[in-house]
Amino acid sequence: MIKVGIIGATGYAGGELVRLLTGHKEAEIVWYGSKSYIDKKYADIYRNMFEVVEDSCLNDNMEELAKKADVIFTATPQGFLASVMSEEILSETKIIDLSADYRLKDVSVYEKWYGIEHKSPQFLEEAVYGLCEVNREKVKGARLIANPGCYTTCSILTAYPLAKEGIIDMNTLIIDAKSGTSGAGRGAKLSNLYCEVNENIKAYGVATHRHTPEIEEQLSYASGEETVINFTPHLVPMNRGILATEYASLKKEVTYEEVKAIYDHYYKEETFVRVLEKDVCPETKWVEGSNYADINFKLDLRTNRIIMMGAIDNLVKGAAGQAVQNMNIMFGLEESEGLKLVPMFP
């Protein structure tokens, strides 16, 4: 059994990790870390875990945990892992970080967009960006995984095949994305109160959202050219889900069949990416509670553009599910172990 520790186990992503790992045949959670709830029973915080999890929460002592766990998931705010990371910890265990601390290779970009100093930039080069469908081979031998963000997972997977094949003009790419409120975390915030969110939709982080450079960096690798995008996220009154609608100019004339063949080439063998049938648009409802990414596209020959669409559950494929998928790859397990979840409906 793989011994698993979770730091940040009482946040939404941490809670989703617990839900997924309790159904994992090869994993055992040995540490429920939560600085806010030390010594409190985990099932008293998340009542859905009553008679499922009997353990109490522990602290966030990474040095101690590294000696007990084969892998540590850090579902923590930006800056935490970077502030405590050491070679000693990495020599004892593997780490899958759900924050942004090791996603961006350029420390100056991280510090600009996140507004904090990076405390351990020496590990940036080693960290593997854990987008499983793109970096699977690198993930296999990694000690440190930078688990992608939720908006970025959806946005990158949706455009990746066309960026890789040079079909779209990367500097015309516009991404309009919408997320449920769980993407903002479990902390109490005025803007996330029921009366603020219900019966409302709003853009936020316009031209400044911190996932922008992450999407640009990864699509630059894919396309082989520097990519600059417009990315606008929106908050919608639902618990889970991300829908990304992406627009780009075509570099050449293509048919539906040619574009479909490109998507199928990249994703036909992927368990968790579903390329939908013609004219079927992705919906968050059809991926909710699952690790699937649903993707499709529509050619707009009138404007010489293509419209790409993707939907994921932000807490599963966009966070905890992808993290478990990375763990499975790292330890040579069946990639779908613990993740064979049919989307919930209604």
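Structure: see above.
None of these values were measured; they are calculated from a predicted model.

About the criteria used
Residues numbered from 1 in each chain as written. Predicted model: local features only at pLDDT ≥ 70, side-chain atom pairs only at ≥ 80, totals over all residues. Heavy atoms only, no water. Helix = DSSP H or I, 4+ residues; strand = E, 2+ residues; numbered from the N terminus. Contact = heavy atoms within 4.5 Å. Pairing = 2+ DSSP bridges. Buried < 20%, exposed > 50% of the residue type's maximum accessible area, 1.4 Å probe, protein only. Salt bridge = Lys/Arg side-chain N within 4 Å of Asp/Glu carboxyl O. Phe/Tyr/Trp six-rings, centres within 6.5 Å; stacked < 30°, edge-to-face > 60°. Core = buried A, V, L, I, M, F, W, Y, C linked by side-chain atoms within 4.5 Å. Axes fitted to C-alpha atoms, helices over the stretch in contact; angles between N-to-C directions. Parallel < 35°, antiparallel > 145°, perpendicular 65-115°, else oblique. Left-handed = near helix turned anticlockwise from the far one by under 90°.

A.B. asks: Explain the environment of Lys25 to me, using residue names and the numbers behind them.
C.D. replies: As for its position among the elements, Lys25 is in the loop between α1 (12–21) and β2 (27–33). In sequence terms Lys25 and Asp55 are 30 residues apart; their C-alpha atoms lie 19 Å from each other. Setting aside residues no more than four positions away along its own chain, Lys25 makes contact with Met1 and Glu337.

A.B. asks: So, the sheet that holds β2: which residues are in play, and what are the values?
C.D. replies: Taken in spatial order, the six strands make up an open sheet running β2-β1-β3-β4-β6-β5, and their pairing is parallel. The strands lining the two open edges of the sheet, one partner per strand, are β2 and β5 (128–129). For strand β1 (residues 2–7) and strand β3 (residues 71–74), the ladder comprises four bridges, and the chain directions are parallel. Bridging across to β3, Val4 finds its partner in Val71.

A.B. asks: Can you break down helix α7 (residues 132–140) residue by residue, with the values?
C.D. replies: Taken together, the buried positions of α7 are Cys132, Glu133, Asn135, Arg136 and Val139. Buried residues belonging to α7 abut β5, β6 (144–146), α8 (150–164), α10 (212–223), β11 (273–275) and α12 (316–330).

A.B. asks: Tell me about the pattern of salt bridges, and name the residues and values.
C.D. replies: Inspection of every chain in the model, using the stated rule, returns 22 salt bridges. Between Arg19 and Glu16 there is a salt bridge, and its shortest N-O distance comes to 2.7 Å. Of this pair, Arg19 and Glu16 both sit in helix α1, three residues apart, which is roughly one turn of the helix. On the basis of relative accessible area, Glu16 is assigned to the buried category, the value being 5%.

A.B. asks: Which residues make up the packing of aromatic side chains, and what values do they have?
C.D. replies: For the structure shown, the criterion picks out 10 aromatic pairs. Here the aromatic rings of Tyr110 and Tyr114 are separated by 5.1 Å at their centres, their planes lie at 25 degrees, and the arrangement is stacked. Here Tyr110 pairs with Tyr114, and both are found in helix α6 (residues 107–114), just four residues apart, close to one helical turn. Across the pair, exposure class does not vary: Tyr110 and Tyr114 are buried alike.

A.B. asks: For the nonpolar core, give the residues involved together with the corresponding values.
C.D. replies: In terms of nonpolar packing, the biggest core is built from 40 residues, with Leu162, Ile168, Ile306 and Met308 touching the most fellow members. Secondary-structure elements contributing two or more residues to this core are α8, β7 (174–179), α10, β10 (242–249), α11 (256–267), β12 (293–300) and β13 (305–312). The contacts of Leu162, once residues within four sequence positions are left out, are Ile167, Ile168, Val259, Ile262, Tyr263, Ile306 and Met308. Counting 38 residues, the second-largest nonpolar core is a separate cluster that includes Leu17, Ile29, Tyr42 and Ala75.

A.B. asks: Go over unusual backbone geometry, please, and point to the residues and values.
C.D. replies: Cis rather than trans, the peptide bond between Phe345 and Pro346 has omega equal to -5 degrees. The backbone of Ala207 shows a phi angle near 65 degrees, a positive value even though the residue is not glycine. Of note, Ala207 is situated in the loop between β8 (202–203) and α10. Positive phi, close to 70 degrees, is recorded for Asp279, a residue that is not glycine. By the element assignment, Asp279 lies in the loop between β11 and β12.

A.B. asks: An account of the packing of α1 against α12 is needed here, citing residue identities and associated values.
C.D. replies: It is the contact of α1 with α12, at a shortest axis distance of 9 Å, that shows an interaxial angle of 45 degrees. In terms of orientation, α1 and α12 fall into the oblique class. The two elements α1 and α12 meet at a crossing, and its hand is right-handed. When α1 is examined against α12, the residues Ala13, Glu16, Leu17, Arg19, Leu20 and Leu21 are found in contact with a partner set consisting of Val316, Ala319, Ala320, Gly321, Ala323, Val324 and Met327.

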